[in-house]
Amino acid sequence: MRDALVAAAFRLFLERGYEQTTVDDIVALAGVGRRSFFRYFPSKEDVVFPDHERCLADMTAFLAASGKEHEPVRRVCDAARLVLLMYAENPSFSVQRYRLTKQVPGLRAYELSVVWRYERALAEYLRGRFTGRPDGNLHADVIAAAVVAAHNNALRSWLRSAGQGDASTTVDHALGYVQSAFGAPPAAPPSTARPVFPSLPMPPADELPDDVVVVVSRRGAPLWRVVQEIETTLGRD
């Protein structure tokens with residue numbers, strides 16, 4: 001029923017225009033009553049954004065499930081990707097909505113209010129992680145705004161292309177700027193190579209102090225063998 005109402009609404013929006021379409025027109029085309037419409041959508045604007053409430057709930061749950069082991073900036077970037085997945089589930093619908101929203105100022109204002117709620121969810125999580133830090137709240141709000149700005153810049157670029165190309169790659173590139181500016185650098189993988197010690201120049205023999213011992217050992221000799229040679233040279237058992 002919910003999907004049928006959305007489909008009927010967008011069909012009429014495209015045929016007649018958003019302002020010229022009423023809730024009565026939508027329910028007549030869908031073959032249901034007005035009460036059924038308002039059971040799913042509080043207003044006509046809500047039928048244009050039928051999935052944002054679910055996505056916001058998913059984002060909030062994702063952030064609530066975070067642990068101390070999650071790097072906070074990377075975590076909010078991953079949370080923003082949930083919004084991208086919502087748009088990418090149905091590219092044709094997302095493109096239609098984007099074009100409709102650009103034409104109707106009231107829908108644009110509604111969309112901005114939705115974006116603000118996403119940003120607040122990210123900021124609240126970051127504020128909790130930055131508690132006790134100098135300017136922790138400021139830091140959290142700036143990062144949340146940067147994540148939303150980067151995500152929306154890439155998302156709108158994809159929507160302007162009519163949903164062509166890989167949206168994930170575009171958004172990952174944009175969020176990479178936020179991660180590099182505010183996030184902790186990834187830990188370097190442990191090296192399996194053997195350390196190489198540079199050869200140091202030896203001072204002239206007449207400048208060496210009396211207690212200096214030089215031991216020449218074969219490359220790759222075990223450490224215990226080198227220690228043994230040093231002890232033997234020093235006359236120790």
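Residues numbered from 1 in each chain as written. Predicted model: local features only at pLDDT ≥ 70, side-chain atom pairs only at ≥ 80, totals over all residues. Heavy atoms only, no water.

## Quick look at the confidence of the model for the protein chain
Per-residue confidence for the protein chain gives a mean pLDDT of 84, with 78% of residues at or over 70. Across the protein chain, helix H9 (residues 136-160) holds the top mean pLDDT of 95, while helix H11 (residues 223-234) sits lowest at 63. In this model, residues 195-200 is a region of pLDDT below 50 whose contacts with residues beyond four sequence positions or in other chains number zero contacts. (pLDDT = per-residue confidence, 0-100. Helix = DSSP H or I, 4+ residues; strand = E, 2+ residues; numbered from the N terminus. Contact = heavy atoms within 4.5 Å.)

## Description of the packing of helix H1 (residues 2-16) against helix H7 (residues 91-103)
The geometry of H1 relative to H7 is characterised by a closest axis approach of 12 Å and an angle of 45° between their N-to-C directions. With respect to their mutual orientation, H1 and H7 come out oblique. Between H1 and H7 the crossing geometry is left-handed. Residues Val6, Phe10, Phe13 and Leu14 of H1 form the contact with H7, whose participating residues are Phe93, Gln96, Arg97 and Leu100. Class assignment of the residues belonging to the contact of H1 with H7 gives a composition of six nonpolar, one polar and one charged. (Axes fitted to C-alpha atoms, helices over the stretch in contact; angles between N-to-C directions. Parallel < 35°, antiparallel > 145°, perpendicular 65-115°, else oblique. Left-handed = near helix turned anticlockwise from the far one by under 90°. Nonpolar A, V, L, I, M, F, W, Y, C, P; charged D, E, K, R; others polar.)

## Observations concerning the pattern of salt bridges
Under the defined criterion, the tally for this structure stands at 12 salt bridges. A salt bridge links Arg97 to Asp51; the nearest nitrogen and oxygen atoms lie 3.0 Å apart. Note that Arg97 is positioned in helix H7 and Asp51 in the loop between helix H4 (44-48) and helix H5 (52-64), a separation of 46 residues in sequence. Arg54 is the partner of Glu89 in a salt bridge, and the nearest nitrogen-oxygen pair spans 3.7 Å. Highlighted residues: Glu89 in helix H6 (residues 72-89) and Arg54 in helix H5, separated in sequence by 35 residues. Exposure remark for Glu89: the relative accessible area of 58% places this residue in the exposed category. Overall, Arg54 belongs to the partly exposed group, its relative accessible area being 40%. Among the charged side chains, a network of salt bridges with common partners joins Arg54, Asp58 and Glu89. (Salt bridge = Lys/Arg side-chain N within 4 Å of Asp/Glu carboxyl O. Buried < 20%, exposed > 50% of the residue type's maximum accessible area, 1.4 Å probe, protein only.)

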